[in-house]
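# Per-entry structural report
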Amino acid sequence: MTVEGSEASGPEVAVVEDERNLRELYLDVLSARGMRVVPLESVAAAEAYLARHAPDLLVLDVKLGDGDGLVLLDKLRGQGLRTPVIVVTAFGTVERAVQALRAGATDFLVKPFTNERLISAVGAAVEAGRRWEELELAAPRLEERKATGGALIGASGGLKDVAALLPRVAASEATVLVRGESGTGKELVARAIHAASPRMDGPFVSVNCAALPSSLLESELFGFERGAFTGAHARRKGLIETAEGGTLFLDEIGDMSLEAQARLLRVLQEREITRIGGREAVRVDIRVISATHRDLDAMAASGQFRADLLYRLAVIPVRLPPLRERAGDIPGLIEHFLEKHAARKGQRAPRPDAETLRRATEYPWPGNVRELENFVERAVVLGRFDVESLRALPLPKTATPAAPEEGAIPTAATPTLREAVARAERAAVIAALRAAGGQKTVAARLLGVSYKTLFNKIHEHEIREELHIG
C-alpha cells in the first residue's frame with residue numbers, strides 16, 4: 001500500500017477519515033504548520049499503516065465506512081500503541097467523550113470545529129506524546145516505574161529522594177502537591193504517579209488553571225446544567241466527572257480563583273460535586289494531584305490562597321529541585337536528550353567534548369530541564385554541540401557583579417527588569433530562528449512556544465529585517 005502525505009519536516013500526523021474533503025482539510029491546515037500529514041481513508045488502511053509506522057499523532061474519526069473508530073482505538077491500545085490519539089466525531093456527547101478517553105484517547109473533537117481548535121488540540125496532543133515518550137524511555141516497564149520512580153533522570157540527592165518517594169505515593173490515594181520551578185517536570189511526575197497507581201487504567205485529565213479565566217475554569221471543572229447561563233443549551237459534565245476512576249491533575253493551582261478554590265475544597269472533603277446551575281450532588285471517585293511554581297504558603301498567609309485547601313492538597317508534598325541544584329545530572333540528561341532527538345530525526349547525534357560538558361554544567365539553565373532539552377534538540381538540528389554553541393544561550397553565566405549599596409539609585413547602565421527580560425527574549429528568538437534556518441514553525445518548537453507567540457515576538461522585537469525572514 002502506498003500512502004501519500006505532506007513533505008513537511010515536523011511531527012508526523014496520521015489522519016483516519018473516510019470523507020475526502022475532510023482529509024484534504026487536515027492536510028492543508030496541518031501541513032501549513034510544518035506537520036507531515038498521512039491521510040488514511042479506512043480502518044483497514046490505518047491498521048496496515050500503523051503495523052509498519054509509529055506516527056507522532058493519530059487523528060481518528062469515530063464513524064468510518066468499514067468500522068468503528070473507538071473499536072479500532074481499543075484494539076490498537078491492546079496491541080501496545082503508545083501514540084497520542086485525538087478522536088473526532090459528529091455525534092458529540094459527554095458519554096461518547098468519556099468512552100473515547102477511557103479507550104485511550106488524548107483528546108476529543110466534535111464536528112464541526114474551527115481550524116484554531118484543531119491546531120490547538122493537535123499541538124497539545126503532540127506535546128503530550130513527547131512527555132509520554134520521556135516517561136517510557138526513562139522506565140519502559142511499569143515494574144521499573146514502581147521500583148525506581150524511573151520518570152526522573154538523575155542521581156542528585158534531591159531527585160533521588162523524590163524517586164524513592166514516588167512508589168509509595170503511587171500506591172496511596174492521598175492528594176499530592178508537586179512544587180517546582182517551570183520546566184522541572186511537574187506534570188511528568190504526576191503522570192508517573194498515575195501510571196504506577198491502581199488507577200493506571202483510568203483517565204489522566206490535565207487542567208492548566210492559569211490558561212482559563214475564572215468563570216470558564218469553573219464550568220470546565222464542574223460542568224453545568226441546561227440554562228445555567230447564556231449558551232448552556234444542554235447539560236454538560238465537567239472535567240472532574242470526566243476523570244472518574246482516574247487522576248485529575250491541576251497544574252498551576254496557585255492561579256485558581258478563591259471562588260473555584262472553595263468549590264474544589266468541597267470536592268476533596270465530600271467527594272461530590274454540584275454542577276453550575278444544578279442542585280443535585282454527584283458523587284465522584286478521583287485522585288487529585290496538583291502542581292505550582294508559586295509560594296502557596298506565602299499566598300495563604302496573605303489571604304490569596306485558602307489555607308484549608310492547601311492542607312488538603314499537600315497531604316504528600318513533593319519538591320522538584322531546579323536544574324542548577326542538580327548540576328551533576330546535566331551530562332546524563334544531555335546524553336539522554338541527544339539520543340532521543342537524534343533517533344527521532346534519523347541522524348547522528350553530535351558529541352560534546354569534556355570542556356563543553358563542563359561549561360554546560362556551569363550554566364544555570366533558568367528554564368530548567370525544558371530549556372536544556374530545547375538546546376540539545378537545537379544542537380542535533382545544527383549538527384554541533386560545542387562551546388561556541390553554548391555562547392549563543394540567551395542568559396550566559398557570568399561573574400556576579402558587586403551588589404549596589406542599599407538605597408542606591410540604579411545608573412543608566414543598569415537595565416530594568418523589563419529591559420533585561422526583553423533582551424534575553426530577543427536573543428532567544430534570534431538564536432532559534434537562525435538554528436531553524438528561518439523556518440518559524442521549527443523555531444517555535446525549539447523555543448517551546450506556539451507559532452502565533454513566535455510570530456508576535458518577531459514583530460515585538462523588530463527582528464524580521466535583521467534575519468531577512470518572511
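So, about the overall build of the chain. Counting secondary structure elements, the chain contains 21 helices and 14 strands. Within the span of the chain, comprising 470 residues, buried residues form 47% of the whole. As displayed, the chain offers around 23200 Å² of accessible surface, 52% of which is attributable to carbon and sulfur atoms.

Our focus in this paragraph is helix α1 (residues 20-31). In this model α1 runs 16 Å from its N-terminal to its C-terminal C-alpha over twelve residues, within 8% of the 16 Å that 1.5 Å per residue would give. All of the buried residues along α1 are Leu-22, Arg-23, Tyr-26, Val-29 and Leu-30. An end-on view of α1 places all buried positions within 140° of arc, on one side of the element. Away from its buried face by more than 90 degrees, α1 exposes Arg-20, Asn-21 and Asp-28.

Our focus in this paragraph is the nonpolar core. In terms of nonpolar packing, the biggest core is built from 31 residues, with Ile-240, Leu-248, Leu-250, Ile-253 and Met-256 touching the most fellow members. When residues of this core are traced back to their parent elements, those giving at least two are β9 (204-208), α9 (214-222), β10 (247-251), α11 (258-270), α12 (296-301) and α13 (307-313).

With that settled, the discussion passes to the environment of Arg-36. Structurally, the position occupied by Arg-36 is in strand β2 (residues 36-40). For the pair Arg-36 and Gly-10, spaced 26 residues apart in the sequence, the C-alpha separation amounts to 6.0 Å.

Let us look at the packing of aromatic side chains. Both the distance between ring centres and the angle between the ring planes are used here to describe each pair of aromatic rings. Applying the stated criterion across every chain, the model contains five aromatic pairs. Ring plane angle 80° and centroid distance 4.6 Å describe the contact between Tyr-363 and Trp-365, whose orientation is recorded as edge-to-face. Of the residues examined, Trp-365 reaches a relative accessible area of 0% and is grouped as buried. Among the aromatic residues, ring-to-ring pairing joins Tyr-363, Trp-365, Phe-375 and Phe-385 into one connected group. If you follow Arg-263 out to its NZ or CZ, it ends over the ring of Phe-222, 4.5 Å from the centre.

Moving on, we come to the pattern of salt bridges. In this structure the tally under the stated criterion is 25 salt bridges. Its salt-bridge partner being Asp-329, residue Arg-326 comes within 3.0 Å of it at the nearest N-O pair. Under the relative-accessibility criterion, Arg-326 is labelled buried at 5%. With a closest N to O distance of 2.7 Å, Glu-373 and Lys-340 form a salt bridge. Here Glu-373, found in helix α16 (residues 368-382), pairs with Lys-340, found in helix α14 (residues 330-345); they are 33 residues apart in sequence, far enough to count as distant. For the pair Glu-373 and Lys-340, one class covers both residues: buried.

This paragraph deals with the sheet that holds β9. A sheet is described by the order of its strands in space; here five strands give the open sequence β9-β10-β13-β8-β14, paired in parallel fashion. Each edge of the open sheet carries a strand with a single partner, namely β9 and β14 (316-319). When strand polarity is set aside, the average angle formed by the axes of neighbouring strands in this sheet is 20°. Relative to β14, strand β8 (residues 176-179) runs parallel, the two being bridged by four bridges. Its bridge partner being in β14, Val-178 is matched across the sheet by Val-318.

The subject of this paragraph is the environment of Ala-44. With respect to the secondary-structure elements, Ala-44 resides in helix α2 (residues 43-50). When the C-alpha positions of Ala-44 and Gly-67 are compared, they lie 8.7 Å apart, and in sequence the two are 23 residues distant.

Turning our attention to α9. Of the residues making up α9, those classed as buried are Leu-217, Glu-218, Ser-219, Glu-220, Leu-221 and Phe-222. Those residues of α9 that are buried lie in contact with β9, α10 (239-242), β10, α11 and β11 (272-274). Where α9 terminates, the next one or two residues include Gly-223, which has phi positive at roughly 75°.

On to the sheet that holds β2, then. Strand order in this open sheet of five strands is β2-β1-β3-β6-β7, and the pairing throughout is parallel. Of all the strands in the sheet, just β2 and β7 (107-110) have a single pairing partner and so form its edges. Mean inter-strand twist for the sheet, computed between neighbouring axes without regard to direction, equals 20°. Taken together, the four bridges between strand β6 (residues 85-89) and β7 define a ladder with parallel strand orientation. For Thr-89, the partnering residue across the bridge sits in β7 and is Val-110. Relative to β2, α2 is tilted by about 135°, and along the sheet it contacts β1 (12-16), β2 and β3 (57-61).

Moving on, we come to the environment of Arg-226. With respect to the secondary-structure elements, Arg-226 resides in the loop between α9 and α10. Here Arg-226 falls in the exposed class, since its relative accessible area comes to 67%. Along the primary structure Arg-226 and Arg-236 are separated by ten residues, whereas in three dimensions their C-alpha atoms are 7.8 Å apart.

The rules behind these values
Residues numbered from 1 in each chain as written. Predicted model: local features only at pLDDT ≥ 70, side-chain atom pairs only at ≥ 80, totals over all residues. Heavy atoms only, no water. Helix = DSSP H or I, 4+ residues; strand = E, 2+ residues; numbered from the N terminus. Buried < 20%, exposed > 50% of the residue type's maximum accessible area, 1.4 Å probe, protein only. Areas by Shrake-Rupley, 256 points an atom, 1.4 Å probe, with all protein chains shown as cover. Expected span 1.5 Å × (residues − 1). Arc of directions from axis to C-beta. Core = buried A, V, L, I, M, F, W, Y, C linked by side-chain atoms within 4.5 Å. Phe/Tyr/Trp six-rings, centres within 6.5 Å; stacked < 30°, edge-to-face > 60°. Lys NZ or Arg CZ within 6 Å of the ring centre and 35° of its normal. Salt bridge = Lys/Arg side-chain N within 4 Å of Asp/Glu carboxyl O. Pairing = 2+ DSSP bridges. Axes fitted to C-alpha atoms, helices over the stretch in contact; angles between N-to-C directions. Contact = heavy atoms within 4.5 Å.

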